Amino acid sequence: MGYYTDDNIYVSTYGNTDKEEQLSARAFIRYSLGKWGEISYTGSYNRHFFYTEVKDWFDHRVNWNFRYKNVSLKGHIGTVSPSYTAIKKVERSIESLATLNWSVSKQLSLRASVRYFIGGPKTFEQQTRQNDYYSYYRQEFDGRNYLAMIGLTYRWQNKMKARKTKKLDVNDERFNLLTE
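Residues numbered from 1 in each chain as written. Predicted model: local features only at pLDDT ≥ 70, side-chain atom pairs only at ≥ 80, totals over all residues. Heavy atoms only, no water.

### Some thoughts on the sheet that holds strand S8 (residues 88-92)
Part 1 of the argument: If you walk across this open sheet you meet the four strands as S7-S8-S11-S12, and the pairing is antiparallel. In this open sheet, the two edge strands, each paired with only one partner strand, are strand S7 (83-84) and strand S12 (133-140).
Part 2 of the argument: Note: strand S11 (residues 123-130) against S12, eight bridges, orientation antiparallel. Counted as the bridge partner of Phe-124 is Gln-139 from S12. (Pairing = 2+ DSSP bridges. Helix = DSSP H or I, 4+ residues; strand = E, 2+ residues; numbered from the N terminus.)

Printed below as a string of structure tokens:
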């Protein structure tokens, strides 16, 4: 809901419209390649019933995880459809990430990642429509192709014994434990 102030400034706010429902259905399919890894697909259908109208959209995502000895290749590609609120439509560019990981030892691993390796426009768009108000916002990220990252992980190994778990003592009569 929106309105103009005395200074002719438009203010957009949420109001109780007594109706806003949503339906989401999601499917997940995973194919195992045994010791070599797995590939999966997630697809979802979203339908929102707003006080103004009904909007529906699909989201898709493909994930992979390939392994060979101490090397793995993980990643995902997510095709993002427009998403909606009662007054806004938001569109984002395709999300993609691939990571190559090498476990040098039990303590040390090295990784290299590439984000946004799928081509196409890198944008963020938002449209707001409400009664007599309309706004359009667009960001372009032309230099966002092939964002490369490198990482190093070292796990510190110490010889200390694990702490013994104790039951929680509750001395205050106002609190009760449901389970221990």
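There is more to say, and it comes next.
### Quick word on the packing of aromatic side chains
Part 1 of the argument: Under the defined criterion, the tally for this structure stands at four aromatic pairs.
Part 2 of the argument: Plain terms: the ring middles of Trp-36 and Tyr-68 are 5.6 Å apart, the flat faces sit at 5° to each other, and that makes the pair stacked. With a gap of 32 residues between them, Trp-36 in the loop between strand S3 (21-32) and strand S4 (37-49) and Tyr-68 in strand S5 (residues 54-68) connect regions that are remote in the sequence.
Part 3 of the argument: For Trp-36, a relative accessible area of 42% gives the class partly exposed.
Part 4 of the argument: Ring geometry for Phe-124 against Tyr-137: centres 6.3 Å apart, planes inclined by 70°, an arrangement best described as edge-to-face. One end of the pair, Phe-124, is in strand S11; the other, Tyr-137, is in strand S12, with 13 residues separating them in the sequence.
Part 5 of the argument: Residue class for Phe-124 comes out buried when judged on its relative accessible area of 18%.
Part 6 of the argument: By relative accessible area, which is 41% here, Tyr-137 ends up partly exposed. (Phe/Tyr/Trp six-rings, centres within 6.5 Å; stacked < 30°, edge-to-face > 60°. Buried < 20%, exposed > 50% of the residue type's maximum accessible area, 1.4 Å probe, protein only.)

### Overview of the pattern of salt bridges
Part 1 of the argument: On inspection of all chains with the given rule, the structure shows seven salt bridges.
Part 2 of the argument: Among the salt bridges present, the one from Arg-30 reaches Glu-38, with a minimum N-O distance of 3.4 Å.
Part 3 of the argument: The exposure class assigned to Glu-38 is buried, which follows from its relative accessible area of 14%.
Part 4 of the argument: Between Arg-67 and Glu-38 there is a salt bridge, with the nearest N and O atoms lying 3.5 Å from each other. Here the residue Arg-67 occupies a position in strand S5, and Glu-38 occupies one in strand S4, the gap between them amounting to 29 residues. (Salt bridge = Lys/Arg side-chain N within 4 Å of Asp/Glu carboxyl O.)

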